[in-house]
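Okay, here's what each chain looks like letter by letter:
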Amino acid sequence: EGVLMVTGDLVKFKFTFELASGTLIKPGELGIIKSKAMWYIYVLHVNSGECITVKEANVKKLEI
């Protein structure tokens, strides 16, 4: 892979995640990178408007 991800990139989730509210993020749903720290990224889930911290390996950058 080795695709550089930066703040503002549109990404697609690879796995199912449950947010604190109980909302499920399913594989293929979209997010926007809000910030990065080391190999963790803070992603805004487009459908729910909630944010989640995930490892960079758990999302795939959408090509433009």
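Counting from 1, residues in each chain are numbered in the order their sequence is written. Owing to the predicted nature of the model, reporting of local features is limited to residues with pLDDT of at least 70; listing and counting of side-chain atom pairs is limited to 80 or more, with chain, interface and lining totals taken over all residues. The side-chain values count all of the structure's non-hydrogen atoms but skip hydrogen atoms and water molecules.

Visitor: When you look at the sheet that holds strand S5 (residues 40-45) in this model, what are you seeing that I'm missing?
Guide: Within a beta sheet, neighbouring strands are joined by backbone hydrogen bonds and run either parallel or antiparallel to one another. Paired strands, in this sense, are two strands between which DSSP finds at least two bridges. Helix and strand definitions follow DSSP, with helices as H or I runs of at least four residues and strands as E runs of at least two, each counted in order from the N terminus. Pairing is antiparallel across the open sheet formed by five strands, whose spatial order is S6-S5-S4-S1-S7. With partners counted over all chains shown, the strands left at the sheet margins are strand S6 (51-55) and strand S7 (59-61), one partner each. Geometrically, the sheet is characterised by an average inter-axis angle of 45° between neighbouring strands, direction not taken into account. Summarising the sheet, strand S4 (residues 30-37) and S5 pair through six bridges and their orientation is antiparallel. If you follow Ile-33 over to S5, its bridge partner there is Val-43. Lines fitted to the C-alpha atoms define the axes, with helices restricted to the stretch that makes contact. Angles between their N-to-C directions range from 0 to 180 degrees.

Visitor: Hey, could you run me through unusual backbone geometry in this one?
Guide: Residues apart from glycine generally show negative phi values, whereas peptide bonds are mostly found in trans. Even without being glycine, Met-38 reaches a positive phi, approximately 55°. Whether a residue is buried, partly exposed or exposed follows from its accessible area with a 1.4 Å probe, protein chains only, as a fraction of its type maximum: under 20%, in between, or over 50%, in that order. On the accessibility criterion, Met-38 (68% relative accessible area) is exposed.

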